[in-house]
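Residue-level structure breakdown
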Amino acid sequence: MRVDARLTFCLYCLGAGLITAVFPWALSDQNDFLKQFMNHEFLNFMGVVVTITLASTANIHIALQRKEEALGEDGIFSGTRKKVKQSAFSLIWTMFLSVALVVAKPLLPAGQHIEAIANATGLGIILWGILIILDITKLSFKL
């Protein structure tokens, strides 16, 4: 069965929204792990993931260009290279959103639901990054 990234992300958003509404304590700062992770480790984690994966996307892009040159067919992988480029920029967006969340979270009004929404957003950003990495990994094993 093929897992569609968009469907997975939509299901996560639905589930996180439901948990936030019904059991906000599960995703709020009452969850010690989430409180610690979202306040101290989140940005470091995303920075490492983005940096390593951007290097991989650059290598894939170069490998596709070399294959085109070896085959003597310019542009045969242009669609694939375009998708790799989109993935790279999506990773940069995840990093930007991570920084924005870490800066904004302490400025948000106090409350369990607000904390749960912020933490769920952070987990969603991580999921988005994981789904991008999954796509890039599948592509790299096809080359």
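Our subject is the structure that appears above.
So, here is what we can say about the structure in this document. As the structure is a prediction and not an experimental result, all values here were calculated from the model.

With respect to the secondary-structure elements, Glu 115 resides in helix α5 (residues 112-142). Judged by relative accessible area, Glu 115 falls into the partly exposed class, the value being 26%. Distance from Glu 115 to Asn 31, taken between C-alpha atoms, is 10 Å for residues 84 residues apart in sequence. When neighbours within four sequence positions are excluded, Glu 115 is seen to be in contact with Leu 27, Ser 28, Asp 29 and Gln 30.

Under the criterion given, the structure shown has three salt bridges. Across the salt bridge formed by Lys 105 and Asp 29, the nearest N and O atoms sit 3.0 Å from each other. Here Lys 105, found in the loop between α4 (78-104) and α5, pairs with Asp 29, found in the loop between α2 (24-27) and α3 (32-71); they are 76 residues apart in sequence, far enough to count as distant. We classify Asp 29 as buried; its relative accessible area is 16%. Salt-bridge contacts for Arg 81 lead to Glu 68; the nearest nitrogen and oxygen are separated by 3.3 Å. With Arg 81 in helix α4 and Glu 68 in helix α3, this pair connects stretches of sequence that are 13 residues apart. On the basis of relative accessibility, which here comes to 5%, the residue Glu 68 falls in the buried class.

The next subject is a nonpolar patch on the surface. A cluster of nonpolar residues, Leu 18, Ile 19, Val 22, Phe 23 and Trp 25, forms a patch on the protein surface that exposes about 510 Å² of accessible area. In terms of residues, the nonpolar patch owes the most to one element, helix α1 (residues 5-22), which gives three residues. Looking at the element boundaries, Ile 19 is found in helix α1. We classify Ile 19 as partly exposed; its relative accessible area is 35%.

Moving on, we get to the packing of aromatic side chains. Evaluated as defined, the whole model comprises five aromatic pairs. Ring centres of Phe 33 and Phe 37 lie 5.7 Å apart, and the angle between their planes is 15 degrees; on these two criteria the pair is classed as stacked. Here Phe 33 pairs with Phe 37, and both are found in helix α3, just four residues apart, close to one helical turn. Taking relative accessible area as the criterion, Phe 37 reaches 15% and is therefore assigned buried. Between the aromatic rings of Phe 37 and Phe 45, the centroid separation amounts to 5.9 Å while the plane-to-plane angle is 65 degrees, which identifies the pairing as edge-to-face. Grouped by ring-pair contacts, the aromatic residues Phe 33, Phe 37, Phe 42 and Phe 45 constitute a single cluster.

Cut-offs used in this document
Residues numbered from 1 in each chain as written. Predicted model: local features only at pLDDT ≥ 70, side-chain atom pairs only at ≥ 80, totals over all residues. Heavy atoms only, no water. Helix = DSSP H or I, 4+ residues; strand = E, 2+ residues; numbered from the N terminus. Buried < 20%, exposed > 50% of the residue type's maximum accessible area, 1.4 Å probe, protein only. Contact = heavy atoms within 4.5 Å. Salt bridge = Lys/Arg side-chain N within 4 Å of Asp/Glu carboxyl O. Patch = residues over 30% accessible without salt bridge, like charges linked within 9 Å, V, L, I, M, F, W, Y side chains within 5 Å. Areas by Shrake-Rupley, 256 points an atom, 1.4 Å probe, with all protein chains shown as cover. Phe/Tyr/Trp six-rings, centres within 6.5 Å; stacked < 30°, edge-to-face > 60°.

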